[in-house]
Amino acid sequence: MPVEFGALLPTRETVMSGRPGTGPMLAMAERAEAAGYDAVWIGDSITARPRHEPLTLLAAVAARTRRARIGTAVLLPALRQPVVLAHVIGTLDRIAEGRLILGVGFAADNPPIRKEFAAVGVPFERRIGRFLETIEICQALWSRDGVSFAGKHFTLESVTMEPKPHRPGGPPIWIGGSGPTALRLAARFDAWFPTGPNVGFFAEHWPEIQKAARAAGRAADAVTGAAYVTLALDADRAAAEQRLWSFLETYYAVPARAMLARQACYAGPIEGAIEWLQRWIDAGVRHIAIRFAGGDQLAQIDETASRLLPRLKSGA
């Protein structure tokens, strides 16, 4: 399978900067597609890290692009009512004509996220069960009529949802996370899509996920290896590192060192980034979603498209 690359739209950064207009982000999506990126990604948070609602904005991205896939990196299904979520995604995949990828996650355990769950009336401690039932209900509604379901969190009786997604059965589901639950469940989904913490962790656990998928009777390539990484590119490594640390601390409101221990990040010249990303590819990653740590987003799209993507896609 060839290596693909995606670009993350800076929805969180635009809100933090007080410039939440969507025009620049839609222009970035168009530029990424034109430059050769394979996908455009958008993150999710309602109140913990305020940003644009991802499924709404992805509808606009879908209308402004033709080839690139679009996806959530990652959506928190437990925060949504499953029938409503299935309906929104069905319509979005119709707009995108089957280009949608649903990246999903459980949510980290920290005070702002617990407060976010409380704000929407969802018990944080029940998020895993709600996640699993929500995904099961969505996939059922996308696939057939008259869906009935009796779970611990939701009950349905002969529910039919239209329109069903453009892609039969619904969009592929990529699971984020590097904790024990994500690792245990990853073999059920279409891709494992962690944010890190590093390539060594991915290389250690990726064979285990593939083995679990085969043991469940799935094809060897049924699960895609993917990664969400953050790049701060600058010929001056010290300047790149300073920008990365400032970005992480502003974005997450915690010390940068704490985030560097949890997320895969690179700071330095683009040649070093090529070598760093190649290690992920060698470990089995076949889709890399790139978040740029500040700076001129369009310039970085162009620079990586001309200098980084060709090298890594060709294996040179």
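Owing to the predicted nature of the structure, the values given are computational and were not obtained by experimental measurement.

## Some remarks on the side chain of T65
- Within the element layout of this structure, T65 appears in the loop between α3 (54-64) and β3 (69-72).
- Side-chain polar atoms of T65 contact the backbone oxygen of V61, separated by 2.8 Å.
- In this structure the side chain of T65 is engaged in a polar contact, spanning 2.9 Å, whose partner is the side chain of R99.
- Here T65 is in contact with A29, E33, I70 and R99, once residues within four sequence places are set aside.

## Brief notes about the layout of surface pockets
- Size it by volume and the largest pocket reaches roughly 920 Å³.
- Along the walls of the largest pocket sit 36 residues, with V74, A107, A108, T195 and R262 positioned nearest its centre.
- Contributing elements (two or more residues each) for the lining of the largest pocket: α5 (111-119), α6 (127-143), α7 (180-185) and α9 (237-252).
- Residue contributions to the lining of the largest pocket peak at 3 residues, all from α7.
- As for the second largest pocket, its lining consists of 16 residues, of which P10, E13, T14, R19 and Q297 are closest to the centre.
- Per-element tally for the lining of the second largest pocket: the top contributor is helix α2 (residues 23-35), with 3 residues.
- In terms of residue class, the lining of the second largest pocket is built from 7 nonpolar, 6 polar and 3 charged.

## Topic: the side chain of T72
- You can see T72 is positioned in strand β3.
- Given a relative accessible area of 0%, T72 falls into the buried group.
- Among the polar contacts listed, one links the side chain of T72 to the backbone oxygen of G103, at a separation of 2.8 Å.
- Contacts of T72, omitting those with residues within four sequence positions, involve W41, I42, P54, L55, L58, I101, L102, G103 and F193.

Parameters at a glance
- Residue positions are given per chain, counted from 1 along the sequence in the order it is written.
- Whole-chain, interface and lining totals are the exception, using all residues; otherwise, since this is a predicted model, local features are given only for residues with pLDDT of at least 70 and side-chain atom pairs are given and counted only at 80 or more.
- The basis for the side-chain values is all heavy atoms of the structure; hydrogens and waters are excluded.
- Every helix listed is a DSSP run of H or I at least four residues long, and every strand listed is a run of E at least two residues long, numbered separately from the N terminus.
- Pairs of N or O atoms within 3.5 Å make up the polar contacts considered here, provided that, within protein, one atom can donate a hydrogen while the other can accept it, and that residues adjacent in sequence are counted only when both atoms are side-chain atoms.
- Contacts are assigned to residue pairs that have any heavy atoms within 4.5 Å of one another.
- The pocket and cavity definitions rest on a 1 Å grid over protein atoms only: a 1.4 Å probe that fits but cannot leave marks a cavity, an open set with protein on both sides within 12 Å along at least five of seven lines marks a pocket, and residues lining either have an atom within 4 Å of a point.
- Grid points are joined across faces, edges and corners, and a volume is the space filled by probe spheres set on the points.
- Residues were grouped as follows: Ala, Val, Leu, Ile, Met, Phe, Trp, Tyr, Cys and Pro as nonpolar; Asp, Glu, Lys and Arg as charged; and all remaining residues, including Gly, as polar.
- Categorising residues by exposure relies on relative accessible area from a 1.4 Å probe, with only protein chains included: less than 20% of the type maximum marks a residue as buried, more than 50% marks it as exposed, and the intermediate range marks it as partly exposed.

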